[in-house]
Amino acid sequence: MRFRAKIVDLACLNHFSRIINTISKLAKTCILRLTVCKLYFILSDKVANGGASMWCELSQGNFFDEFQMEGVAAEHNEIYLELVPENLSRALKTSQSAKTVKIKLTNKHCPCLRVAVELPSLSSSSRIVTHDIPVGVIPRKMWNDFREPSVPDFDVSIYLPVLKTMKSVVERMKNLSNLIVIEANLTGEMNLKIETDLVSVTTHFKDLGNPPWASEDGCQSSAQGRDLESMAEACIDIKKLQQLLAGQQVNPTKALCNIVRKRIVHFILLHEEVSLQYFIPAIA
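How each quantity is defined
Position numbers for residues start from 1 in each chain and track the written sequence from start to end. Local features in this predicted model are restricted to residues of pLDDT 70 or higher, and side-chain atom pairs are both shown and tallied only at a pLDDT of 80 or more, whereas totals for entire chains, interfaces and linings draw on every residue. Side-chain calculation: all heavy atoms of the structure are included, whereas hydrogens and water are not. Salt bridge, as applied in this entry: a Lys or Arg side-chain nitrogen positioned within 4 Å of an Asp or Glu carboxyl oxygen. Going along the chain from the N terminus, every DSSP run of H or I of four or more residues is numbered as a helix, and every run of E of two or more is numbered as a strand. We call a residue buried when its accessible area falls under 20% of the maximum for its residue type, exposed when it is over 50%, and partly exposed in between, using a 1.4 Å probe and counting protein chains only. By definition in these notes, contact holds between two residues if any of their heavy atoms fall within 4.5 Å. Surface patches are drawn from residues lacking salt bridges whose relative accessible area is over 30%; two like charges belong together within 9 Å, two nonpolar side chains (Val, Leu, Ile, Met, Phe, Trp, Tyr) within 5 Å. For every accessible area listed, the method is Shrake-Rupley and the probe measures 1.4 Å; residues are considered covered only by the protein chains on display. In this analysis, strands are considered paired if DSSP registers two or more bridges between them. Axis angles are defined between N-to-C directions and span 0 to 180 degrees, where every axis is a line fitted to C-alpha atoms and, for a helix, only to the segment in contact. The span expected for a helix works out to 1.5 Å for each residue beyond the first. Relevant arc is that of directions from the helix axis to the C-beta atoms, nothing else.

Student: Would you mind showing me how to read the pattern of salt bridges here?
Tutor: A side chain of one charge can pair with a side chain of the opposite charge if their charged atoms are brought near each other. As enumerated under the stated definition, the model contains 12 salt bridges in all. Across the pair R2 and E70 runs a salt bridge, and its minimum N-O distance is 3.6 Å. Taken together, the residues span a long stretch of sequence, with R2 in strand β1 (residues 2-7) and E70 in strand β5 (residues 66-70) at a distance of 68 residues. Judged by relative accessible area, R2 falls into the exposed class, the value being 56%. Among the salt bridges present, the one from E86 reaches R90, with a minimum N-O distance of 3.5 Å.

Pasting the structure below:
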């Protein structure tokens, strides 16, 4: 089992660093799955226990100048590691002006991801800062626990408003309640609501647009006979939503949300070579 990779391009490095920073805001620990073409960061808190889950996928070719890996076996050419993303984020923070960053799986005293950051120096010799990040190797028999979460048939799919605007709304609401209701319909309307004994506050968004698949593929039959203006809603933990919005550095070109009535809210943030999915279960 071997893995080594190298980033030379500073823009790629900073972009990668921002993504890891976003992930570190969403997950205290996560699984890093390495394949020949892609990296995945996976958080699978059991949704049944009210935990959120995350699936972030990046194409390695868009970030790394060199990328070599050998998985646990020829027919299972993958590696699954458990790590604390905050540690990786911290290691990458030292690389803002680096010449190169090398990442390698090592096993001195315990398995580690070694991040070696080569910094520019005035003399001819280079300065290299090395971080060893402890990782746990996930055995093959547990890999199935970390498959991509399946997306249930949603009642509504809608584009999100500007995330900065949404973030400031949610931050204000967070001071009033622990729960927030997200509701949306198939005419591009979305409301964020909180209701307590003392106060009820609703923020309305209009003309957001619904993604084309809301009326195309398998959901067509359900959308056709339905009242397009009827709202599908789910009540979720406001802190989990705020975490997603506050840690957001992926700068998505598209952000959308699928609602399964009273069951789950599924967020998808897309940026050319990155997709981040975040599932927040509804609270009854």
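Student: Teacher, can you tell me more about the environment of V129 here?
Tutor: Within the fold, V129 resides in strand β9 (residues 127-134). V129 sits in the partly exposed class, given a relative accessible area of 29%. The spatial distance from the C-alpha of V129 to the C-alpha of V170 is 39 Å, given a sequence separation of 41 residues. If we skip the residues at most four places from it in the chain, V129 touches V115, A116, V117 and L119.

Student: I tried to follow a nonpolar patch on the surface on my own but got confused; where do I start?
Tutor: A cluster of nonpolar residues, M1, V72 and V137, forms a patch on the protein surface that exposes about 240 Å² of accessible area. Here M1 lies in the segment before β1.

Student: For this particular structure, what's the right way to read the sheet that holds strand β15 (residues 232-237)?
Tutor: The strands making up a sheet associate through backbone hydrogen bonding, with each pair oriented either parallel or antiparallel. What the 4 strands build is an open sheet, ordered β14-β13-β12-β15; its pairing is antiparallel. The open sheet has two edge strands, β14 (200-205) and β15, and neither has a second partner. Taking each pair of neighbouring strands and ignoring which way they run, the sheet shows an average axis angle of 20 degrees. Note that strand β12 (residues 179-184) and strand β13 (residues 190-195) share 4 bridges and pair antiparallel. Within the sheet, the bridge partner assigned to E183 lies in β13 and is N191. Across the sheet, helix α5 (residues 238-246) touches β12, β13 and β15, and the angle it forms with β15 is around 90 degrees.

Student: Even after reading the chapter, I still don't get helix α3 (residues 163-174), so can you show me in this structure?
Tutor: Given 3.6 residues per helical turn, the α-helix brings residues three or four places apart onto the same face. The end-to-end C-alpha separation of α3 is 16 Å, in line with the 16 Å expected for 12 residues at 1.5 Å each. Of the residues making up α3, those classed as buried are L163, M166, V169, V170 and M173. The arc enclosing the buried residues of α3, seen along the axis, measures out at 125 degrees, which places them on a common side. Summarising the geometry of α3, the exposed residues directed more than 90 degrees from the buried face are K164 and R172. If you follow the buried residues of α3, they end up packed against β12, β13, β14, α5, β16 (254-260) and β17 (264-271).

Student: Mind showing me how you'd approach the sheet that holds strand β3 (residues 38-44) here?
Tutor: Read across the sheet, 9 strands follow the order β10-β6-β2-β3-β4-β18-β17-β16-β11 without closing on themselves; strand pairing throughout is antiparallel. Looking at the sheet topology across the chains shown, the edges are occupied by β10 (136-137) and β11 (156-159). Strand direction decides the pairing type here: strand β4 (residues 53-59) and strand β18 (residues 274-281), joined by 6 bridges, are antiparallel. Across the sheet, E57 pairs through a bridge with S275, a residue of β18.

These figures capture arrangement, not role.
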